[in-house]
Amino acid sequence: MPDESKPSTAIAKNAGSLLETLVETRFLFLLICFALYLDLWLIESGVDPRSLSLKESYSSLLSVSVFSYFLFLGSYSLLMVGFFPVLRNLIGLARVHFQSEVSMSKTTAESRKLSDWSLAFICLSLYNGVVGYFFTNGAYKGLTVYVLSFLSFDGVAESIFRLCVALFWMVCFAFAFRVDETTLD
């Protein structure tokens, strides 16, 4: 008689693929950019997410107008699909025009998306930091300022986190300002 309490192999395979999707680099960039963009909206609304429980945040979400949901999702989608790819192509065009030598790399569509979203991360985190640090009077200054203030602590875990954040930023910067070789297909 089979044991009903043990998960089947299909469930185990699905859980593995879900974990692989969660740690995929492009998904990570989209998730971080989504968090930064949402944080900008929270700063603008004067909401401190550090003081909200999940129950309170869910009830607050239910009270937001449908128009605001669509405006948030639509503007986020337009930024990620339209604005940041165009901005990265304009930066690449300016680099080709003004620099004497620019190395171009042949890339796939997935690699171009990763580069576009790397630029989105750089721009959103910088904007989040500037808005939070200079233009917010409340106790909550935003996600970027929170992470930067956490990086000022001393300790082993903080040092490892500091190193990871610095490496992540450098990798994002390298991806964001890479010039793609475009071919007409």
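Scroll up a little and you will see the structure.
Report follows, based on the coordinates. (Residues numbered from 1 in each chain as written. Predicted model: local features only at pLDDT ≥ 70, side-chain atom pairs only at ≥ 80, totals over all residues. Heavy atoms only, no water.)

Focus on the side chain of Glu158
Phase 1: Looking at the element boundaries, Glu158 is found in helix α7 (residues 156-176).
Phase 2: No salt bridge is formed by the buried Glu158; its nearest oppositely charged neighbour, Arg162, is found at 6.6 Å.
Phase 3: Ignoring anything within four residues of it in the chain, the contact list for Glu158 reads Phe150 and Phe153. (Helix = DSSP H or I, 4+ residues; strand = E, 2+ residues; numbered from the N terminus. Buried < 20%, exposed > 50% of the residue type's maximum accessible area, 1.4 Å probe, protein only. Lys, Arg positive; Asp, Glu negative; His and termini not counted. Salt bridge = Lys/Arg side-chain N within 4 Å of Asp/Glu carboxyl O. Contact = heavy atoms within 4.5 Å.)

Topic: the packing of aromatic side chains
Phase 1: Under the defined criterion, the tally for this structure stands at twelve aromatic pairs.
Phase 2: For the ring pair Phe173 and Phe177, a centre distance of 4.6 Å and an interplane angle of 55 degrees mean the geometry is tilted.
Phase 3: What makes Phe173 partly exposed here is its relative accessible area of 46%.
Phase 4: A residue is classified by how much of its surface remains accessible, and Phe177, at 23% relative accessible area, is partly exposed.
Phase 5: Members of the aromatic cluster, connected to one another through ring pairs, are Phe34, Tyr37, Trp41, Phe72 and Tyr76. (Phe/Tyr/Trp six-rings, centres within 6.5 Å; stacked < 30°, edge-to-face > 60°.)

Here's the deal with the pattern of salt bridges
Phase 1: All told, the structure shown has two salt bridges when counted by the stated rule.
Phase 2: Linking Asp48 and Arg50 is a salt bridge whose minimum nitrogen-to-oxygen distance equals 3.0 Å.
Phase 3: You can call Asp48 partly exposed: its relative accessible area is 22%.
Phase 4: Note that Arg88 and Asp116 form a salt bridge whose closest N and O atoms lie 2.6 Å from each other. You can see Arg88 sitting in helix α4 (residues 66-98) and its partner Asp116 sitting in helix α5 (residues 109-134), a full 28 residues away along the chain. Here Arg88 matches Asp116 in class, with each residue buried.

Some details on a nonpolar patch on the surface
Phase 1: Nonpolar side chains collect at one region of the surface, where Val130, Tyr133, Phe134 and Phe135 lie side by side and expose about 500 Å² of accessible area between them.
Phase 2: The topology assignment puts Phe135 in the loop between α5 and α6 (143-150). (Patch = residues over 30% accessible without salt bridge, like charges linked within 9 Å, V, L, I, M, F, W, Y side chains within 5 Å. Areas by Shrake-Rupley, 256 points an atom, 1.4 Å probe, with all protein chains shown as cover.)

With respect to the packing of α5 against α6
Working note: a packed helix pair is described by the angle between its axes plus the distance between those axes.
Phase 1: Interaxial distance between α5 and α6 falls to 7 Å at its minimum, and their mutual angle equals 85 degrees. One element, α5, and the other, α6, form an angle in the roughly perpendicular class. Listed contacts from α6 to Ser125, Asn128, Gly129, Gly132 and Tyr133 of α5 are Leu143, Thr144 and Val145.
Phase 2: Of the residues belonging to the contact of α5 with α6, the class tally is three nonpolar, five polar and no charged. (Axes fitted to C-alpha atoms, helices over the stretch in contact; angles between N-to-C directions. Parallel < 35°, antiparallel > 145°, perpendicular 65-115°, else oblique. Nonpolar A, V, L, I, M, F, W, Y, C, P; charged D, E, K, R; others polar.)

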